[in-house]
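Spelled out from the first residue to the last, the chains are:
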Amino acid sequence: MTLFLQILLVITSLALMALILLHRGKGGGLSSLFGGTMQSSLSGSSVVEKNLDRLTLFVAAIWAISIVGVGLLLKVGA
């Protein structure tokens, strides 16, 4: 069970990094330094962005659950 949770943790960590990098920059932070254009903040989110947000939150929830599971298994010593 510990091995399964550790593998799940690695997979979800990589997926979470990829999903976060897929998000479009909303502010004038680091994305504007590397050629990001200023877009109107009044434009609504597209369906793809909403689905990307949902998928990111789902993967983040699995990631958090797997961290708690690994921590509990390490504490118990299984």
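Residues numbered from 1 in each chain as written. Predicted model: local features only at pLDDT ≥ 70, side-chain atom pairs only at ≥ 80, totals over all residues. Heavy atoms only, no water.

Draft legend 1. Highlighting the packing of helix α1 (residues 2-22) against helix α3 (residues 47-76). At a minimum axis distance of 9 Å, the contact between α1 and α3 shows a crossing angle of 150°. Classified by the angle their axes make, α1 and α3 are roughly antiparallel. Handedness of the α1/α3 crossing: left-handed. Between α1 and α3, the contacting residues are Thr2, Leu5, Gln6, Leu8, Leu9, Thr12, Ser13, Ala15, Leu16, Leu19, Ile20 and Leu22 on the first element and Leu52, Leu55, Thr56, Val59, Ala60, Ile62, Trp63, Ser66, Ile67, Gly69, Val70 and Leu73 on the second. (Axes fitted to C-alpha atoms, helices over the stretch in contact; angles between N-to-C directions. Helix = DSSP H or I, 4+ residues; strand = E, 2+ residues; numbered from the N terminus. Parallel < 35°, antiparallel > 145°, perpendicular 65-115°, else oblique. Left-handed = near helix turned anticlockwise from the far one by under 90°. Contact = heavy atoms within 4.5 Å.)

Draft legend 2. Here's a closer look at the environment of valine 59. With respect to the element layout, valine 59 can be found in helix α3. According to the relative accessible area criterion, valine 59 is buried, its value standing at 10%. Expressed as a C-alpha distance, the spacing of valine 59 and leucine 16, which sit 43 residues apart in the sequence, is 6.4 Å. (Buried < 20%, exposed > 50% of the residue type's maximum accessible area, 1.4 Å probe, protein only.)

Draft legend 3. Fine view of α3. Here α3 is 30 residues long and its end C-alpha atoms lie 44 Å apart, about the 44 Å a rise of 1.5 Å per residue gives. If you check which residues of α3 are buried, you get Glu49, Leu52, Thr56, Val59, Ser66, Gly69, Val70 and Leu73. The inward-facing, buried residues of α3 abut α1. Positive phi appears at glycine 77, one or two residues downstream of α3, with a value of about 90°. (Expected span 1.5 Å × (residues − 1).)

Draft legend 4. View of a nonpolar patch on the surface. Taken together, the side chains of Leu3, Ile7 and Ile11 present a nonpolar region at the surface, about 300 Å² in accessible area. With respect to the helices, strands and loops of the structure, isoleucine 11 is situated in helix α1. (Patch = residues over 30% accessible without salt bridge, like charges linked within 9 Å, V, L, I, M, F, W, Y side chains within 5 Å. Areas by Shrake-Rupley, 256 points an atom, 1.4 Å probe, with all protein chains shown as cover. Salt bridge = Lys/Arg side-chain N within 4 Å of Asp/Glu carboxyl O.)

Draft legend 5. Expanded view of the environment of leucine 16. Take leucine 16: it is sitting in helix α1. Residues leucine 16 and leucine 57, spaced 41 residues apart in sequence, show a C-alpha to C-alpha distance of 9.0 Å. For leucine 16, the residues in contact, after removing those within four places along its chain, are Thr56, Val59, Ala60 and Trp63.

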